[in-house]
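Reading the structure
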Amino acid sequence: MKAIAIDNFGGRTELKLRELPTPVAGKGEVLIKVKAAGVNPVDRKIREGLLRTRLPHQFPIILGWDAAGTVVGTGAAVYAYCRKPIIKDGTYAEYVVVPKTSIARKPKNLSFVEAASVPLAALTAYQSLFDAAGLKRGQRVLIHAAAGGVGGFAVQLAKQAGAYVIATASQAKHAYVKSLGADEVIDYRAVDFRQAVRDVDVAFDTVGGETQVKSTDVVRKGGVLVSILAFVDAEAVRKKGVEPKYVFVAPNGRQLAKLTKLIEAGKLRTKIAKVFPLKAAAKAHALIEQGHTTGKIVLKI
């Protein structure tokens, strides 16, 4: 099968289109013929070796954790978040094997390209807001980088849950973020968000660093700061009366099935920033490195 793989950690030149053996499904697994694969910031981190001490890996590494396609043997249209215990066989490929528990039926109203943009980002938002932060109706939530893949889903899911949603985004993206359901949008480039918001029940950090540190100041005592980036100083967060919660999204077909229902009901939508052919994975990574895309980048297999 054709796949984009790396033999060493490094820059975009490490991304090579190769012929590799087609994987074989074992017990409790399915083989998916991949139609489209999502491109996520974590793919770049893996490529550069930034997660080498945290995630077991084996070269050659096929990058990619998002896939939409058909199950070989049944033809069922599915999508999945495909992270595995060992980073090796990803979704930038014509085929991928995943546990049956990771897949869900593809939303009928999404193309394969659109569906491939959903799993990692939407599950990250879902698990962060509800599993980690316990967001409830009537609470106030601050969502950073709300025009991005994870942030965009977070805004919609929080609004669906009945929360009051405050978001940060550059001025040019305010209309888009409001269309997702945000009640307030703060231009993080023009003002320090700490001057514009106070006493939220939950802050959702998708940026890390200084944004994460500052976010502690706007969460009420007893509230939660949930982040998908490692905490700069979790103990300092606790000393301010705020609970730090770190989330590294896990595959979950049951939760993905819930998201499918929301998508088919028109209550959750995705936005595609750019679509590239598989062979242009390096161009996709160049775009993801900019860090300011609105929506998701996808490879069409």
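First, a word on scope: everything that follows refers to the structure included in this document.

Cut-offs applied
Residues numbered from 1 in each chain as written. Predicted model: local features only at pLDDT ≥ 70, side-chain atom pairs only at ≥ 80, totals over all residues. Heavy atoms only, no water. Salt bridge = Lys/Arg side-chain N within 4 Å of Asp/Glu carboxyl O. Buried < 20%, exposed > 50% of the residue type's maximum accessible area, 1.4 Å probe, protein only. Helix = DSSP H or I, 4+ residues; strand = E, 2+ residues; numbered from the N terminus. Pairing = 2+ DSSP bridges. Axes fitted to C-alpha atoms, helices over the stretch in contact; angles between N-to-C directions. Contact = heavy atoms within 4.5 Å. Arc of directions from axis to C-beta.

1. Here's the deal with the pattern of salt bridges
Here the structure, examined in full by the defined rule, presents 16 salt bridges. Note that Glu48 and Arg47 form a salt bridge whose closest N and O atoms lie 3.2 Å from each other. By relative accessible area, which is 26% here, Glu48 ends up partly exposed. Where Glu289 meets Arg47, a salt bridge forms, and the shortest distance between an N and an O atom there is 2.9 Å. On the criterion of sequence distance, the pair formed by Glu289 in helix α9 (residues 281-290) and Arg47 in helix α1 (residues 41-48) is long-range, its members being 242 residues apart. Several salt bridges converge on common partners, so that one network encompasses Asp192, Arg194, Glu210, Lys214, Asp217 and Lys240.

2. A word on the sheet that holds strand β15 (residues 243-246)
If you trace the six strands from one edge of the open sheet to the other, you get β12-β11-β10-β13-β14-β15, paired in parallel fashion. Taken across any chain shown, the strands that pair with only one partner, and hence form the sheet edges, are β12 (184-187) and β15. When strand polarity is set aside, the average angle formed by the axes of neighbouring strands in this sheet is 20 degrees. Here strand β10 (residues 140-143) pairs with strand β11 (residues 164-169) via four bridges, running parallel. Bridging from a neighbouring strand, Arg140 pairs with Tyr164 of β11. Strands in contact with helix α3 (residues 119-132) are β10, β13 (200-205), β14 (219-227) and β15; relative to β13, the strand with the most contacts, it is inclined by about 150 degrees.

3. Quick word on the sheet that holds strand β2 (residues 16-19)
Read across the sheet, four strands follow the order β2-β1-β4-β7 without closing on themselves; strand pairing throughout is mixed. If you trace the sheet from one side to the other, it starts and ends with β2 and β7 (87-89), each paired once. Neighbouring strand axes in the sheet, compared pairwise and without regard to direction, differ in orientation by 45 degrees on average. With two bridges joining them, strand β1 (residues 2-6) and strand β4 (residues 57-62) adopt antiparallel strand pairing. Among the inter-strand pairings, Ala5 is bridged to a residue of β4, identified as Ile62.

4. As for α3
For α3, the buried fraction is high: twelve of the 14 residues fall into the buried class. All of the buried residues along α3 are Pro119, Leu120, Ala121, Ala122, Leu123, Thr124, Ala125, Tyr126, Gln127, Ser128, Leu129 and Ala132. Backbone geometry just downstream of α3 places Gly134 in the positive-phi region, at approximately 65 degrees.

5. Some remarks on the pairing of β12
Pairing between β11 and β12: four bridges, direction parallel. Directly across from Thr168, in β12, lies its bridge partner Ile186.

6. Side note on α9
Every buried residue of α9 is accounted for by Ala281, Ala284, His285 and Ile288. Angularly, the buried residues of α9 cover 100 degrees about the axis, an arc narrow enough to put them on a single face. Relative to its buried face, α9 has exposed residues pointing more than 90 degrees away, namely Lys283 and Gln290. Of the surrounding secondary structure, the elements contacted by the buried residues of α9 are β1, β3 (29-39), α1, β16 (272-277) and β17 (296-300). Looking at the residues trailing α9, positive phi occurs at Gly291, about 75 degrees.

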